[in-house]
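# Reading the structure
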Amino acid sequence: RAPGCYPHGTTVATMGYFRTGSTLLYNYARTWAALATGRSLVSGFGCKSPAVMGIGVEGKKQEHCSVVCKDHAFKEGVAREATVVLSSRRDPWESVCSRKLQDLWCRYR
């Protein structure tokens, strides 16, 4: 947490298709950011435009907060405004097999 080690106001978007390791990637990013930022971290599922939340907006209370978010699809403003985008990858075959093993194959609603 030494001054200058972590650029406060950073937005990290972790993106990935279902069952590709995006949750693990998000948890790593969130843990490191929490260690670096202390109490000025906003994190969770569903990436929103940082500017809409006031992150990085001069004069706003949350100007210097950092964000780590996870999503399966880019929402408006995220790709353009995120400082860092982390993406998970997995062989499609492994993703399909993972869904089958978890009984997430074809559910009828």
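Let me begin by describing the structure that accompanies this report. (Residues numbered from 1 in each chain as written. Predicted model: local features only at pLDDT ≥ 70, side-chain atom pairs only at ≥ 80, totals over all residues. Heavy atoms only, no water.)

### So, the environment of Glu 76
Among the structural elements, Glu 76 can be located in the loop between β3 (66-71) and α3 (78-81). Residue Glu 76 is classed as exposed on the basis of its relative accessible area, which comes to 71%. Sequence spacing of Glu 76 and Ser 49 is 27 residues, and the spatial spacing of their C-alpha atoms is 6.8 Å. (Helix = DSSP H or I, 4+ residues; strand = E, 2+ residues; numbered from the N terminus. Buried < 20%, exposed > 50% of the residue type's maximum accessible area, 1.4 Å probe, protein only.)

### Quick look at helix α1 (residues 22-37)
Taking 1.5 Å as the rise per residue, α1 with 16 residues should run 22 Å; its terminal C-alpha atoms sit 22 Å apart, in good agreement. The complete set of buried residues in α1 reads Ser 22, Tyr 26, Ala 29, Ala 33, Ala 36 and Thr 37. Projected down its long axis, α1 carries its buried residues within an arc of 95°, all on one side. Seen from the open side of α1, the exposed residues pointing more than 90 degrees away from its buried face are Leu 24, Tyr 28, Trp 32 and Leu 35. (Expected span 1.5 Å × (residues − 1). Arc of directions from axis to C-beta.)

### Some words on a nonpolar patch on the surface
On the surface, Leu 24, Tyr 28, Trp 32 and Leu 35 cluster together into a nonpolar patch covering about 520 Å² of accessible area. Within the secondary structure, Leu 24 is located in helix α1. (Patch = residues over 30% accessible without salt bridge, like charges linked within 9 Å, V, L, I, M, F, W, Y side chains within 5 Å. Areas by Shrake-Rupley, 256 points an atom, 1.4 Å probe, with all protein chains shown as cover. Salt bridge = Lys/Arg side-chain N within 4 Å of Asp/Glu carboxyl O.)

### Observations concerning the pattern of salt bridges
Within this structure, the stated rule accounts for one salt bridge. Among the salt bridges present, the one from Asp 71 reaches Lys 75, with a minimum N-O distance of 2.9 Å. The class for Asp 71 is buried, based on a relative accessible area of 3%.

### Details of the state of the cysteines
If you walk through the whole model with that rule in mind, you get one disulfide. One disulfide bridge connects Cys 47 with Cys 69, the sulfur atoms lying 2.1 Å from each other. Across the S-S bond of Cys 47 and Cys 69 the torsion is about 105°, and the bridge reads as right-handed. Pair noted here: Cys 47 is in the loop between β2 (41-45) and α2 (50-53) and Cys 69 is in strand β3, with a separation of 22 residues, a long-range link. (Disulfide = S-S within 2.5 Å.)

### Some points on the nonpolar core
Among the nonpolar cores identified, the biggest contains nine residues, and these are Ala 13, Met 15, Cys 47, Ile 55, Cys 65, Val 67, Cys 69, Val 78 and Ala 82. The set of elements that each furnish at least two residues to this core consists of β1 (11-15) and β3. Every residue in contact with Cys 69, bar those within four places of it in the chain, is listed here: Val 12, Ala 13, Thr 14, Tyr 26, Gly 44, Gly 46 and Cys 47. Counting residues in hydrophobic clusters, the runner-up holds seven residues, among them Tyr 6, Val 12, Ala 33 and Val 68. (Core = buried A, V, L, I, M, F, W, Y, C linked by side-chain atoms within 4.5 Å. Contact = heavy atoms within 4.5 Å.)

Honestly, it's all geometry; don't read function into it.
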